[in-house]
Amino acid sequence: MTPPRTPDPRLTLDPARTALVLVDLMDRIVALPLEPYKGTEVLFVAEELATTFRSAGALVVLIRVERPGIAEQPAGSGLADGLYRDGDLEIVKRAMGGFQGTGLDERLRERGITTLVFGGIATNLGVESTARAAGDLGHRLVFVEDAMSALTAAEHQASVKLDFPRLGSVVTAGEVRFAAGS
């Protein structure tokens, strides 16, 4: 058993400058056979994180995908029931990542957001693509390992162990902390 990590004090978040970014938490995607966490497990952790962020006064960004060029989206293409709350920012993407053609970067900058904390499905697809673009745009990145999953455990682990540490910090939901007084 791996001993628990000591939270890095540099990862203490300022709620005024931080957003939780949850990618593709839609019923049809949450229902996929995912590893290492089931979609319902990811959704549960994401909902808890969203509650924590909202309570701290931090922005919650919910990104969902729509297939381009079709008249009607497949069933289950809306955000998972109960995930969205007033004050959240909902972004509809039509590409793998959440920045291309969505105005997301401008909306984050308007609010003074510089740090993005990621969760969602799939780790190596929508989450990683969105995070890479965010990093290229100069945002500080934090990845919540237990708030995301992929189609295989190997894909999830490749992102979490190899790619994400090069892009930002990898934490668990229990390690997410806001500055005192937030």
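Located above this text is the structure these notes cover.
Residues numbered from 1 in each chain as written. Predicted model: local features only at pLDDT ≥ 70, side-chain atom pairs only at ≥ 80, totals over all residues. Heavy atoms only, no water.

Trainee: Whenever I open this one, the overall build of the chain confuses me. Can you help?
Mentor: Helices and strands together make up the secondary structure of the chain, namely five helices and six strands. Beginning at the N terminus, the succession of helices and strands in the chain can be written as β-α-α-β-β-α-β-α-β-α-β. Here the C-alpha atoms of the chain give a radius of gyration of 15 Å, agreeing with the 16 Å that 2.2 N^0.38 yields for 182 residues. With respect to the three principal axes, the spread of C-alpha positions in the chain is 50 × 40 × 30 Å. Taking all 182 residues of the chain together, 46% fall into the buried category. Of the contacts formed within the chain by residues at least 6 apart in sequence, a portion of 80% connects residues at least 24 apart. Total accessible area on the chain stands at roughly 8900 Å², and carbon and sulfur atoms take up 52% of it. Once the 19 positive and 24 negative side-chain charges of the chain are each reduced to a mean point, those two points are 4 Å apart. (Helix = DSSP H or I, 4+ residues; strand = E, 2+ residues; numbered from the N terminus. Rg over C-alpha atoms; globule rule 2.2 N^0.38 Å. Buried < 20%, exposed > 50% of the residue type's maximum accessible area, 1.4 Å probe, protein only. Contact = heavy atoms within 4.5 Å. Areas by Shrake-Rupley, 256 points an atom, 1.4 Å probe, with all protein chains shown as cover. Lys, Arg positive; Asp, Glu negative; His and termini not counted. Charge placed at Lys NZ, Arg CZ, Asp CG, Glu CD.)

Trainee: Hey, could you run me through the environment of valine 65 in this one?
Mentor: Positionally, valine 65 belongs in strand β2 (residues 59-65). By relative accessible area, which is 16% here, valine 65 ends up buried. Sequence-distant contacts of valine 65, defined by excluding residues within four places in its chain, comprise Asp24, Met26, Arg28, Ile29, Ser77, Lys93 and Ala95.

Trainee: I'm lost on the packing of aromatic side chains in this one. Help?
Mentor: Each aromatic ring pair is characterised by the separation of its centres together with the angle its planes make. For the coordinates displayed, the defined rule picks out three aromatic pairs. When the centroid spacing of 4.9 Å and the interplanar angle of 80 degrees are considered together, the rings of phenylalanine 53 and phenylalanine 178 count as edge-to-face. Residue phenylalanine 53 is found in helix α2 (residues 39-56), and its partner phenylalanine 178 is found in the segment after β6 (169-171); the two are separated by 125 residues along the sequence. The exposure classification of phenylalanine 53 matches that of phenylalanine 178, with both residues buried. Put simply, the rings of Phe118, Phe143 and Phe164 touch in pairs and so form one group of aromatic residues. (Phe/Tyr/Trp six-rings, centres within 6.5 Å; stacked < 30°, edge-to-face > 60°.)

Trainee: I keep staring at the pairing of strand β1 (residues 18-23) and nothing clicks. Help me out?
Mentor: The two faces of a sheet get side chains in turn, since along a regular strand they alternate between them. In terms of residue burial, β1 counts as a mostly covered element, since six of its six residues are buried. Here β1 shows two buried faces, one formed by Thr18, Leu20 and Leu22 and the other by Ala19, Val21 and Val23. The pairing of β1 with strand β4 (residues 115-121) spans six bridges and is parallel. What sits directly across from valine 21, in β4, is phenylalanine 118. (Pairing = 2+ DSSP bridges.)

Trainee: Please clarify how unusual backbone geometry should be interpreted in this entry.
Mentor: Across the chain, the bulk of peptide bonds are trans and the bulk of non-glycine residues have phi less than zero. In this chain, glutamate 35 is followed by proline 36 through a cis amide linkage whose omega measures 0 degrees. With respect to the secondary-structure elements, proline 36 resides in the loop between α1 (27-30) and α2. With an omega of 0 degrees, the peptide bond between isoleucine 121 and alanine 122 qualifies as cis. In this fold, alanine 122 is placed in the loop between β4 and α4 (123-136). The residue aspartate 24 is not glycine, and still its phi comes out positive at about 55 degrees.

Trainee: What should I look at first to understand the environment of alanine 150 in this one?
Mentor: With respect to the helices and strands, alanine 150 occurs in the loop between β5 (140-149) and α5 (153-167). The exposure class assigned to alanine 150 is buried, which follows from its relative accessible area of 0%. C-alpha separation for the pair alanine 150 and leucine 25, spaced 125 residues apart in sequence, amounts to 12 Å. If we ignore the near neighbours within four places in the chain, the residues touching alanine 150 are Pro33, Leu34, Glu35, Ala122, Thr123, Asn124, Glu155 and His156.

Trainee: Would you explain a nonpolar patch on the surface in this entry?
Mentor: The grouping of Leu32, Met96, Leu125 and Leu151 at the surface amounts to a nonpolar patch, some 330 Å² of accessible area in total. Within the secondary structure, methionine 96 is located in the loop between β3 (89-93) and α3 (104-110). (Patch = residues over 30% accessible without salt bridge, like charges linked within 9 Å, V, L, I, M, F, W, Y side chains within 5 Å. Salt bridge = Lys/Arg side-chain N within 4 Å of Asp/Glu carboxyl O.)

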